[in-house]
Amino acid sequence: MDTPLLPAPPRPAAELINLDAGPRGCPQSPRRSAPLAMAARSLLLIRGGCVVNDDSSQEADVLVEDGVVQAVGRHVLPPGDAPAGLRVLDAAGKLVLPGGIDTHTHMQFPFMGSRSVDDFHLGTKAALAGGTTMIMDFAIPHKGHSLIEAFDTWRSWADPQVCCDYSLHVAVTWWSDQVKEEMKILTQDKGVNSFKMFMAYKDVYMVRDVELYEAFSRCKEIGAIAQVHAENGDLVAEGAKKMLALGITGPEGHELSRPEAVEAEATLRAVTIASAVNCPLYVVHVMSKSAAKVVADARRDGKVVYGEPIAAGLGTDGTHHWDREWLHAAHHVMGPPLRPDPSTPDFLMNLLANDDLTTTGSDNCTFNSCQKALGKDDFTKIPNGVNGVEDRMSIIWEKGVHSGKMDENRFVAVTSTNAAKIFNLYPRKGRIAVGSDADIVIWDPKATRTISAKTHHQAVNFNIFEGMVCHGVPVVTISRGKVVYEAGVFSVSAGDGKFIPRKPFAEYIYKRIKQQDQTCIPTPVKREPYKGEVITLTSKEDSTHGTRKQAQP
């Protein structure tokens, strides 16, 4: 797990050799840049590792200058030819991966009468410790409130605190002409290209089918991707009433009130509505077998749909809701719930490995024990949310790669590259290539670590993966070309991360949408006009009575 530094002899007038990348990252002929002595530059060389992208792996060095990858290839700087100020990391025997992109977090989120304890500072530090170099959080306005104001509020919370780069999805919790216009402004001027609609949390965030249709239509017009929290909110509300009436007040009532069928029905409904307007759809936190099957079937039917399982659903299950200790059970409460079928994590991982599911998030929304205790007598008052931002990468490596379900290239795809492509960050993010941001993780696939709330870097006092031994450990995390985490030590400050704006009409998804629009347009049937009898209606209330009009000659 050590990453020894190789001291470089001082050469003030040295020149930097820059290799242009050829196909699939293969190095080609060298190109010389200006002498280093002309300006103070941040230089980093990662030497001797195996560089892993989603489509290839190669033994190569990575040269970084001022936060950007400048060269990838063999011997980009031969020993003895290192310029002054260069830092060298020895990655021999290790993997060099694009930094992880967590597509789903809720830092310092005001929710269910409390606020999640991982704020943007501690939450993003924990992300870096786990090998994640970018998070995507959600700005969520209350019904009737401005989307732009919510966006600005979240920016004001995050900008001074983040230790890694971040971006924001924005939630649509109601519908009006104002919302429609603000979605356009957010897309054109604020760097937002994804909008989330809740099909649950009735009377709080939930929108109805007609509002989904309007929001999906608007997303397509402005080049955004529609996201959904897929649960039938009406059935959840009725299910909660039923459980409480039966005297079931504990955490098990949470899962019993919103079973798999409730998630699967909403997922299918979202796919159907999105298909009606040919809008790309992203289903967040796919938690059950049945919902995952809906996504997989839609993809095989040619629909532009993506499913996001999360670390919790891939690493543990909902049997914990029935634990005899109330607090243990309550700490596993989230929405949609972890499923009690213990085969669910394995099933979801299989679909993720085979591209039926596409990305991974954490849905990190953490509450301490005293906050969870708000629902000690009523499960509907337990703040929903679990941890995962720090452990996501290791969980997926352990359950996916170490188990033999996926290789290291698929691991990179589902933890980083696919998210970068869907949300129009690629190839700036999600790839190690010339010109990409130097968000890089040196990963030791043979090392192990034991997950515990006693040693994690998050603010929450519980970890749902407690005691799990994971193969695959991030030993060095590099953000924007700076070593920010190494051998358990942070070198990062609040505000070092930056907001990353995203442009609309991501080519990865909208190429297909545009082609489908061109080739799948319904056309009228050419036929002779009807010349027979037509009745004349005499009452709007009763169309069964009328007088007949003679057929036209």
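Residues numbered from 1 in each chain as written. Predicted model: local features only at pLDDT ≥ 70, side-chain atom pairs only at ≥ 80, totals over all residues. Heavy atoms only, no water.

You'll find the protein chain entered in an unreviewed UniProt entry as Dihydropyrimidinase, with Bos indicus x Bos taurus given as the organism. Quoted verbatim from the Sequence similarities (unreviewed entry) field of UniProt, the annotation for the protein chain is "Belongs to the metallo-dependent hydrolases superfamily. Hydantoinase/dihydropyrimidinase family." (UniProt positions renumbered as here; feature names shortened; annotations may be inferred.)

Trainee: I'd like a rundown of the overall build of the protein chain, residues and numbers included.
Mentor: Each helix and strand in the protein chain was counted, giving 15 helices and 22 strands. Relative to the compact-globule value of 24 Å for 553 residues, the protein chain shows a C-alpha radius of gyration of 26 Å, a close match. Relative to its 553 residues, the protein chain shows a buried fraction of 58%. For the protein chain, the proportion of contacts with a sequence separation of at least 24, taken over those separated by at least 6, is 75%. (Helix = DSSP H or I, 4+ residues; strand = E, 2+ residues; numbered from the N terminus. Rg over C-alpha atoms; globule rule 2.2 N^0.38 Å. Buried < 20%, exposed > 50% of the residue type's maximum accessible area, 1.4 Å probe, protein only. Contact = heavy atoms within 4.5 Å.)

Trainee: Can you explain the environment of Gly-130? Please cite residues and give values.
Mentor: Summarising the element assignment, Gly-130 is placed in the loop between α1 (120-129) and β11 (132-139). Residue Gly-130 is classed as buried on the basis of its relative accessible area of 2%. Each C-alpha atom, one on Gly-130 and one on Gly-100, is 8.7 Å from the other, the two residues being 30 residues apart in sequence.

Trainee: Explain the UniProt feature "modified residue: N6-carboxylysine" (unreviewed entry) in the protein chain to me, and be specific about the residues and the numbers.
Mentor: As annotated in UniProt, the feature "modified residue: N6-carboxylysine" (unreviewed entry) corresponds to Lys-196 in the numbering used here. Turning to its location among the elements, Lys-196 is positioned in strand β13 (residues 194-198). Taking relative accessible area as the criterion, Lys-196 reaches 1% and is therefore assigned buried. If sequence neighbours within four positions are ignored, Lys-196 has contacts with His-104, His-106, Phe-138, Val-170, Ala-171, Val-172, Gln-227, His-229 and Val-284.

Trainee: Can you break down the nonpolar core residue by residue, with the values?
Mentor: Core analysis: the largest hydrophobic core is formed by 96 residues, its most contacted members being Phe-195, Met-197, Phe-216, Val-228 and Leu-281. The dominant element in this core, judged by the number of residues it contributes, is helix α2 (residues 147-158), at 7 residues. Met-197 has contacts with Val-172, Val-207, Leu-212, Ala-215, Phe-216, Ala-226, Gln-227, Val-228 and His-229, leaving out every residue within four places of it along the chain. (Core = buried A, V, L, I, M, F, W, Y, C linked by side-chain atoms within 4.5 Å.)

Trainee: Let's hear about the UniProt feature "domain: Amidohydrolase-related" (unreviewed entry) in the protein chain: which residues, and what values?
Mentor: Mapped onto this structure's residue numbering, the UniProt feature "domain: Amidohydrolase-related" (unreviewed entry) falls at residues 95-484. Along residues 95-484, the helical share is 38% and the strand share 18%, with 18 Å between the first and last C-alpha atoms.

Trainee: Tell me about the packing of aromatic side chains, and name the residues and values.
Mentor: In the structure shown here, the tally under the stated rule is 18 aromatic pairs. Relative to Tyr-201, the ring of Phe-198 lies with its centre 6.0 Å away and its plane at 70 degrees, an arrangement referred to as edge-to-face. Look at Trp-397 and Phe-411: their rings are 4.9 Å apart centre to centre, the planes differ by 85 degrees, and that puts the pair in the edge-to-face class. Highlighted residues: Trp-397 in helix α13 (residues 392-401) and Phe-411 in helix α14 (residues 408-422), separated in sequence by 14 residues. Among the aromatic residues, those joined into a ring-pair cluster are Phe-109, Phe-111, Trp-154, Trp-157, Phe-198, Tyr-201 and Tyr-205. Seen from the ring of Phe-490, Lys-125 lies directly overhead, with NZ or CZ sitting 4.6 Å from the centre. Taking NZ or CZ as reference, Arg-258 lies 5.8 Å from the ring centre of Tyr-201, over its face. (Phe/Tyr/Trp six-rings, centres within 6.5 Å; stacked < 30°, edge-to-face > 60°. Lys NZ or Arg CZ within 6 Å of the ring centre and 35° of its normal.)

Trainee: Go over the pattern of salt bridges, please, and point to the residues and values.
Mentor: Tallied over the entire structure, the rule returns 30 salt bridges. With a closest N to O distance of 2.6 Å, Asp-439 and Lys-429 form a salt bridge. With Asp-439 in the loop between α14 and β17 (440-450) and Lys-429 in the loop between α14 and β17, this pair connects stretches of sequence that are 10 residues apart. Accessibility classification places Asp-439 together with Lys-429 in one group, the buried group. Each of Asp-165, Arg-428, Lys-429, Asp-437, Asp-439 and Arg-480 takes part in salt bridges that share partners, so that together they form one network. (Salt bridge = Lys/Arg side-chain N within 4 Å of Asp/Glu carboxyl O.)

Trainee: Residues and numbers for helix α5 (residues 233-245), please.
Mentor: The α-helix advances 3.6 residues per turn, and as a result positions three or four apart in sequence lie on the same side. The end-to-end C-alpha distance of α5, which contains 13 residues, comes to 19 Å, matching closely the 18 Å that a straight helix rising 1.5 Å per residue would cover. By the burial criterion, the buried members of α5 are Gly-233, Val-236, Gly-239, Ala-240 and Met-243. Seen along its axis, α5 keeps its buried residues to an arc of 115 degrees; they face one direction. Away from its buried face, by an angle of more than 90 degrees, α5 presents the exposed residues Lys-241, Lys-242 and Ala-245. Among the structural elements, α6 (252-257) and α7 (260-277) are those in contact with the buried residues of α5. (Expected span 1.5 Å × (residues − 1). Arc of directions from axis to C-beta.)

Trainee: Residues and numbers for the sheet that holds β13, please.
Mentor: Pairing is parallel in the open sheet, where 7 strands are placed in the order β8-β11-β12-β13-β14-β15-β16. Edge positions in the sheet fall to β8 (100-105) and β16 (305-307), since each of these pairs with one other strand and no more. Going from strand to strand, the sheet's axes swing by 25 degrees on average, the running direction of each strand aside. For β13 and strand β14 (residues 225-229), the ladder comprises 5 bridges, and the chain directions are parallel. In the strand pairing of β14, Ser-194 is matched with Ile-225. (Pairing = 2+ DSSP bridges. Axes fitted to C-alpha atoms, helices over the stretch in contact; angles between N-to-C directions.)

Trainee: Outline helix α11 (residues 344-353), supporting the account with residue identities and numerical values.
Mentor: Of all 10 residues making up α11, 7 are buried, and the element is well covered by its neighbours. For α11, the secondary structure elements touched by its buried residues are α8 (289-300), α9 (311-315), α13 and α14.

Trainee: Provide a residue-level description of the pairing of strand β3 (residues 43-52), including the pertinent values.
Mentor: Among the 10 residues in β3, 9 count as buried, and that is most of the element. With 8 bridges joining them, β3 and strand β4 (residues 57-65) adopt antiparallel strand pairing. Counterpart to Gly-49 in the pairing with β4 is Ala-60. The antiparallel hairpin formed by β3 and β4 contains 4 residues in its connecting segment. By the bridge criterion, 2 bridges tie β3 to strand β7 (residues 95-98) in an arrangement that is parallel. Paired with Val-51 across the two strands is Val-96, which belongs to β7.

Trainee: Give me the lowdown on unusual backbone geometry, citing residues and values where you can.
Mentor: Following Gly-335, the chain continues into Pro-336 via a peptide bond in cis, with omega recorded as -10 degrees. Mapping Pro-336 onto the fold places it in the loop between α10 (326-330) and α11. That bond from Tyr-426 to Pro-427 is cis: its omega, 5 degrees, falls within 30 degrees of zero. Note that Pro-427 resides in the loop between α14 and β17. Positive phi is not limited to glycine here, since Gln-108 has a value of about 40 degrees. The topology assignment puts Gln-108 in the loop between β8 and β9 (110-111). Phi at Asp-203 takes a positive value of approximately 70 degrees, unusual for a residue other than glycine. Structurally, Asp-203 is set in the loop between β13 and α4 (209-222). We classify Asp-203 as exposed; its relative accessible area is 67%.

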